[in-house]
Amino acid sequence: MIKLNILIFLFLFLVFKFSYATNIVVVNIEELINTNKSYINILNEIEISQKKYHKSFEIKEMKIEEIYNEIENTKFILDDNERIQLIDDYNLQLEELNKLVNDFNLHYKNEIIFLKNSILKEIIVLLEIYAKDNQIDLIMDSNNYLIASNSINITNFIENKLSQINLNLGYKDFEQN
């Protein structure tokens, strides 16, 4: 009798559970962002903008290297005060260049994060509309599960919708800071 009750309970439980199944889909957020045409175009613009600064950094680096070479070549000729002055000048210029390069890298890193977040906001709006229209209970990023059927992957659908949106992406150039 107990076995029969357990079987009936399991049967009812499974029937009840599957009658209220959760609708789940997955989407590859990273792919949507990285393959977005507006995002790719703005990254190309940023890369072009960065090249002029790279040349400037190289020129400053060469000047610092000249100071270093002067220190090395004159270490036996100069007195201690003059040598210390050259070393201090070298260290100061090297520190300034390092700070400038770090600020440059941080600036563009933050700009790219801002761009990705702007696209992510649009993706979330599209996902909310899709979930509402298709009675979806759960949307997961494709990086948060191990195995799933391709039939629940809506990345291509969202990518098509995202490509129809005119994203006004922009960035601040480094020199404007």
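As a reminder, the structure under discussion sits directly above these lines.
Residues numbered from 1 in each chain as written. Predicted model: local features only at pLDDT ≥ 70, side-chain atom pairs only at ≥ 80, totals over all residues. Heavy atoms only, no water.

A. View of the nonpolar core. With 32 residues, the main nonpolar core has V27, I119, I123, L127, I154, I158 and L169 as its most contacted residues. Those elements that place two or more of their residues in this core are β1 (24–27), α2 (29–34), α3 (37–73), α4 (80–133) and α5 (155–163). Here this core takes twelve residues from α4, the largest share from any one element. Those residues in contact with I158 that lie beyond four places of it in its chain are V27, L32, I123, L126, L127 and Y130. (Core = buried A, V, L, I, M, F, W, Y, C linked by side-chain atoms within 4.5 Å. Buried < 20%, exposed > 50% of the residue type's maximum accessible area, 1.4 Å probe, protein only. Helix = DSSP H or I, 4+ residues; strand = E, 2+ residues; numbered from the N terminus. Contact = heavy atoms within 4.5 Å.)

B. Fine view of the side chain of N28. Following the sequence through the fold, N28 ends up in the loop between β1 and α2. When its relative accessible area of 18% is taken as the criterion, N28 is described as buried. Dropping the residues within four chain positions of it, N28 is found in contact with D141, S142 and T155.

C. Representation of the side chain of N36 in the model. On the secondary structure map, N36 appears in the loop between α2 and α3. Among the polar contacts made by the side chain of N36, one reaches the main-chain amide nitrogen of Y39 at a distance of 3.1 Å. Setting aside its immediate chain neighbours within four residues, N36 contacts I119, L162 and L167. (Polar contact = N/O pair within 3.5 Å; in protein donor to acceptor, adjacent residues only side chain to side chain.)

D. Spotlight on the packing of aromatic side chains. A complete count under the given rule lists five aromatic pairs for this structure. Here the aromatic rings of Y53 and F104 are separated by 5.7 Å at their centres, their planes lie at 55°, and the arrangement is tilted. With Y53 in helix α3 and F104 in helix α4, the pair connects residues that are 51 residues apart, well separated along the chain. Just as Y53 is buried, F104 falls in that class too. An aromatic cluster is defined as three or more aromatic residues linked by ring pairs; in this entry it consists of Y53, F57, F104 and Y108. (Phe/Tyr/Trp six-rings, centres within 6.5 Å; stacked < 30°, edge-to-face > 60°.)

E. Structural detail: the environment of L94. Summarising the element assignment, L94 is placed in helix α4. Separated by 30 residues in sequence, L94 and I64 have C-alpha atoms that sit 6.6 Å apart.

F. Geometry of a negative patch on the surface. Where like charges cluster on the molecular surface, the negative patch consists of E58, E61, E65 and E66. Its location among the elements puts E61 in helix α3. (Patch = residues over 30% accessible without salt bridge, like charges linked within 9 Å, V, L, I, M, F, W, Y side chains within 5 Å. Areas by Shrake-Rupley, 256 points an atom, 1.4 Å probe, with all protein chains shown as cover. Salt bridge = Lys/Arg side-chain N within 4 Å of Asp/Glu carboxyl O. Lys, Arg positive; Asp, Glu negative; His and termini not counted. Charge placed at Lys NZ, Arg CZ, Asp CG, Glu CD.)

G. Highlighting unusual backbone geometry. Located in the positive-phi region is Q135, a residue other than glycine, with phi close to 50°. For Q135, the position within the fold is in the loop between α4 and β2 (138–141).

H. Structural detail: the environment of V25. Tracing the sequence through the fold places V25 in strand β1. Sequence separation between V25 and D137 is 112 residues; the distance between their C-alpha atoms is 8.5 Å. Leaving out residues up to four positions away in the same chain, V25 has contacts with Y130, I136, L138, I139, M140, I152 and I154.

Honestly, that's just the spatial picture; any functional story needs more than this.
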